[in-house]
Amino acid sequence: VETTSLFGDAQREEVRATLPVGGERVTAVTLPPDGNTAYIATAAGRVHRWDLRDKSTPKLADVTQVTAEPGVAVTALATLIGGRSLLVGDAGGAVSVWFPVRGANDFALRRAHVLEPMAAAVSALAPSPRDRRFVAAADDGEVRIYQASSEATLARMPGDGSAAHAVGFAPKGN
């Protein structure tokens, strides 16, 4: 944890914690910009959402099955601008957007948007730094640009059969 004063003095504190996922194999991890939540995805298709507001005592907020069928691995995670919307890609090529929604006792992840699936496993996700667009890459090299709110596929770039492992947006999105 790093804090900076008005005068530019930085103070850094290191906090370590173990965030167990019930023995499941971890396949992806993402932290929203505020650092108050950790999303940990598994090969079983679940996302474990950890509340990190109290850095010394992380709390498991919920565990959500985010793939259509248990056993289909989550292969990529990212958060959209603002850090509230969770992007999920899986081994079957599915791409979806999830929100924490207030329930009777606490917040729980709920699927908000389902986007056009890719033909191969999703290998990378990258949000736009300016809006609700994001890029998804697949194991067959295909790259797509999606708009999360409208569930639109804005662009498709065919792959060459080799996996694309990293994608991103330019800072100005142009």
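Read on for an overview of the structure. Since this is a predicted model, take the numbers as computed values, not measurements.

What counts and what doesn't
- Residues numbered from 1 in each chain as written.
- Predicted model: local features only at pLDDT ≥ 70, side-chain atom pairs only at ≥ 80, totals over all residues.
- Heavy atoms only, no water.
- Pairing = 2+ DSSP bridges.
- Helix = DSSP H or I, 4+ residues; strand = E, 2+ residues; numbered from the N terminus.
- Axes fitted to C-alpha atoms, helices over the stretch in contact; angles between N-to-C directions.
- Buried < 20%, exposed > 50% of the residue type's maximum accessible area, 1.4 Å probe, protein only.
- Polar contact = N/O pair within 3.5 Å; in protein donor to acceptor, adjacent residues only side chain to side chain.
- Contact = heavy atoms within 4.5 Å.
- Salt bridge = Lys/Arg side-chain N within 4 Å of Asp/Glu carboxyl O.
- Phe/Tyr/Trp six-rings, centres within 6.5 Å; stacked < 30°, edge-to-face > 60°.
- Lys NZ or Arg CZ within 6 Å of the ring centre and 35° of its normal.

**Overview of the sheet that holds strand β6 (residues 59-65)**
- One open sheet holds the 4 strands; their spatial order is β3-β4-β5-β6, and the pairing between them is antiparallel. At either margin of the open sheet sits one strand with a lone partner, and together these are β3 (26-30) and β6. When strand polarity is set aside, the average angle formed by the axes of neighbouring strands in this sheet is 20°.
- Pairing analysis gives 5 bridges linking strand β4 (residues 37-42) to strand β5 (residues 46-51), with the strands arranged antiparallel. Counted as the bridge partner of Ala 38 is Trp 50 from β5.

**Focus: the pairing of strand β12 (residues 133-138)**
- The element β12 is largely enclosed, with a buried count of 5 among its 6 residues.
- Of the strand pairs in this sheet, strand β11 (residues 122-127) and β12 are connected by 5 bridges, and their pairing is antiparallel. Along β12, the bridge assignment pairs Ala 126 with Val 135.
- The antiparallel hairpin formed by β11 and β12 contains 5 residues in its connecting segment.
- Pairing between β12 and strand β13 (residues 143-147): 5 bridges, direction antiparallel. Its bridge partner lying in β13, Arg 133 is registered against Gln 147.
- A loop of 4 residues connects β12 with β13, the two strands running antiparallel in sequence, and Gly 141 in this loop sits at a positive phi of about 90°.

**A few points about the side chain of Ser 128**
- Topologically, Ser 128 is positioned in the loop between β11 and β12.
- Engagement of the side chain of Ser 128 in a polar contact is seen with the backbone nitrogen of Arg 130, the distance being 3.1 Å.
- Once residues within four sequence positions are removed from consideration, Ser 128 is found in contact with Ile 81, Arg 133, Phe 134 and Phe 169.

**Some thoughts on the pattern of salt bridges**
- Applying the stated rule across the entire model yields 7 salt bridges.
- A salt bridge links Arg 46 to Glu 24; the shortest N-O distance between them is 2.8 Å. Placement of Arg 46 in strand β5 and of Glu 24 in the loop between β2 (10-12) and β3 is noted, with a sequence separation of 22 residues between them.
- The exposure class assigned to Glu 24 is buried, which follows from its relative accessible area of 19%.
- Salt bridges here are not isolated pairs; linked through shared partners, they connect Glu 116, Glu 142, Arg 144 and Arg 156.

**Concerning unusual backbone geometry**
- Notably, Glu 151 is not glycine yet its phi reads approximately 60°, a positive angle.
- Here Glu 151 shows up in the loop between β13 and β14 (152-157).

**Details of the packing of aromatic side chains**
- Under the counting rule described, the total for this entry stands at 1 aromatic pair.
- The cationic tip of Arg 84 hangs over the ring face of Phe 107; the distance from NZ or CZ to the ring centre is 5.8 Å.

**A closer look at the environment of Gly 45**
- Residue position: Gly 45 is located in the loop between β4 and β5.
- Gly 45 sits in the buried class, given a relative accessible area of 0%.
- Sequence spacing of Gly 45 and Val 26 is 19 residues, and the spatial spacing of their C-alpha atoms is 9.9 Å.
- For Gly 45, the contacting residues outside a window of four places in its chain are Thr 64, Gln 65, Val 66, Thr 67, Val 72, Ala 73 and Val 74.

Nothing here speaks to function; it is geometry throughout.
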